[in-house]
Amino acid sequence: MNRRRPVTPSVLGHGDLATSLILIFPLFLAYEIGVMFSSSVNGVDFVTRHVFAAVEYERDRYLLVQLGFAVAFLGYVLYMRRRRELSRDVVLPLVLEAAVYALTLGSFIVFLMQNVLGFALAPGSAMSIGAIGDAVVVSLGAGVHEELVFRLGLMAGGAALLRWGGVTHSLAVASALFASALVFSLAHHIGPYGEPFQLGVFVYRSMAGAIFGLIFYYRSLAHAVYTHFLYDLYVLVLRA
């Protein structure tokens, strides 16, 4: 009797990466177009800078490139649906689940910060109508690019390197999760546009990064991206 070989767990977690990339592409495209009409660009957005430079910093040509991406994506989705390899039935449950995570994430971290760790967090300030569009673009950029860089790149990539070095799977994933959360938080305080360092804010973002990492590993990259996007939108627009 042949025994089945045990399945090696993946550093990408339990989600399907190809499906996630398809599901997050509309957010990516919305950001890539919106950033041309916004005053903000995400700090780890390397795609827009390179594409914009490639078209010699002409907005019309840049938007034509994005239109080409949109047409190609639509064609791919229609092709996959005809082959019955892609269903839109997964979209609504994904968004609803991410919305639940996003709405509870902030309250949970604030509770830990104030009642367990003893940090006092400053209340948000009101936003002008004109700033809401920028906030949407900022939220899209954070959800897409920061999850691609810090969760897919740094967390999964770091865990893969540790596994290659002989570290057990559980320890590799836990270490990469912890490190990527710290780097994610620290990145907001680095560079010419970085925020002044405040320990409370750093701890807050580190906790958020760890939770995004858990969602990435136990659900999928798409869940992490949509949660991050909706969470930032909730914090920047609704709570303000």
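In this text, all values refer to a predicted model and were calculated from it rather than measured experimentally. (Residues numbered from 1 in each chain as written. Predicted model: local features only at pLDDT ≥ 70, side-chain atom pairs only at ≥ 80, totals over all residues. Heavy atoms only, no water.)

The next point concerns the pattern of salt bridges. By the definition in use, this model includes five salt bridges. Among the salt bridges present, the one from Arg61 reaches Glu58, with a minimum N-O distance of 3.8 Å. In the salt-bridge network here, residues are joined through shared partners; they are Glu56, Glu58 and Arg61. (Salt bridge = Lys/Arg side-chain N within 4 Å of Asp/Glu carboxyl O.)

Moving on to the packing of helix 6 (residues 169–187) against helix 7 (residues 199–218). Running from amino to carboxyl end, helix 6 crosses helix 7 at an angle of 140 degrees, the nearest separation of the two axes being 8 Å. By the angle between their directions, the pair helix 6 and helix 7 is classed as oblique. Considering how the two elements wind past one another, helix 6 and helix 7 form a crossing that is right-handed. Packed against helix 6, whose contacting residues are His169, Val173, Leu177, Ala181, Leu182, Phe184, Ser185 and Leu186, the element helix 7 presents Val201, Phe202, Arg205, Ser206, Gly209, Ala210, Phe212, Gly213, Leu214 and Tyr217 at the interface. Partitioning the contact of helix 6 with helix 7 into residue classes produces twelve nonpolar, five polar and one charged. (Axes fitted to C-alpha atoms, helices over the stretch in contact; angles between N-to-C directions. Helix = DSSP H or I, 4+ residues; strand = E, 2+ residues; numbered from the N terminus. Parallel < 35°, antiparallel > 145°, perpendicular 65-115°, else oblique. Left-handed = near helix turned anticlockwise from the far one by under 90°. Contact = heavy atoms within 4.5 Å. Nonpolar A, V, L, I, M, F, W, Y, C, P; charged D, E, K, R; others polar.)

Below, the discussion takes up the packing of helix 2 (residues 46–54) against helix 3 (residues 59–82). Two numbers describe how helix 2 lies on helix 3: the axes approach to 9 Å, and their chain directions differ by 120 degrees. Overall, the two elements helix 2 and helix 3 adopt an arrangement that is oblique. Viewed along their axes, helix 2 and helix 3 form a crossing whose handedness is right-handed. Along the contact surface, helix 2 presents Thr48, Val51 and Phe52, while helix 3 presents Arg59, Tyr62, Val65 and Gln66. Class assignment for the residues of the contact of helix 2 with helix 3 results in four nonpolar, two polar and one charged.

This next bit is on a nonpolar patch on the surface. On the surface, a cluster of nonpolar side chains totalling about 410 Å² of accessible area is made up of Leu186, Ile190, Phe197 and Leu199. Within the element layout of this structure, Ile190 appears in the loop between helix 6 and helix 7. Residue classification places Ile190 among the exposed residues on the basis of a relative accessible area of 55%. (Patch = residues over 30% accessible without salt bridge, like charges linked within 9 Å, V, L, I, M, F, W, Y side chains within 5 Å. Areas by Shrake-Rupley, 256 points an atom, 1.4 Å probe, with all protein chains shown as cover. Buried < 20%, exposed > 50% of the residue type's maximum accessible area, 1.4 Å probe, protein only.)

Moving on: the packing of aromatic side chains. Summed over the entire model, instances satisfying the criterion amount to nine aromatic pairs. Note on Phe197 and Phe202: the rings are 5.4 Å apart at their centroids and 45 degrees apart in plane angle, and the pair reads as tilted. Taken together, the ring pairs in this structure connect Phe150, Phe184, Phe212 and Tyr231 into an aromatic cluster. For Arg151, the ring lying beneath its charged end belongs to Phe184, and the centroid distance is 4.6 Å. (Phe/Tyr/Trp six-rings, centres within 6.5 Å; stacked < 30°, edge-to-face > 60°. Lys NZ or Arg CZ within 6 Å of the ring centre and 35° of its normal.)

We note that Glu56 has phi near 60 degrees; this positive angle belongs to a residue other than glycine. Structurally, Glu56 is set in the loop between helix 2 and helix 3. The phi dihedral of Tyr57 falls on the positive side, at around 60 degrees, and the residue is not glycine. When you line up the elements, Tyr57 lands in the loop between helix 2 and helix 3.

This part takes up the nonpolar core. Counting residues in each nonpolar core, the largest one holds 49 residues, and the members touching the most others are Leu27 and Met155. At the level of secondary structure, the elements contributing two or more residues to this core comprise helix 1 (17–34), helix 3, helix 4 (91–116), helix 5 (129–164), helix 6, helix 7 and helix 8 (221–238). In this view, Met155 contacts Phe150, Val173, Ala176, Leu177, Ser180, Gly213, Phe216 and Tyr217; residues no more than four positions away in its chain are not counted. (Core = buried A, V, L, I, M, F, W, Y, C linked by side-chain atoms within 4.5 Å.)

At the N-terminal boundary of helix 2, the capping side chain belongs to Asp45, with an oxygen 3.1 Å from the backbone nitrogen of Val47. Immediately downstream of helix 2, the backbone of Glu56 shows phi near 60 degrees, a positive value. (Polar contact = N/O pair within 3.5 Å; in protein donor to acceptor, adjacent residues only side chain to side chain.)

Moving on to helix 1. Counted at 1.5 Å a residue, the expected span for helix 1 with its 18 residues is 26 Å, and the 25 Å between its end C-alpha atoms agrees. Its maximal kink placed at Ile24, helix 1 deviates by approximately 40 degrees, while the proline Pro26 follows within four residues. Listed in full, the buried residues belonging to helix 1 are Ser20, Ile22, Leu23, Ile24, Phe25, Leu27, Phe28, Leu29, Tyr31, Glu32 and Gly34. (Expected span 1.5 Å × (residues − 1). Bend = angle between axes of the 7 residues up to and from the residue.)

In short, geometric facts, not functional conclusions.
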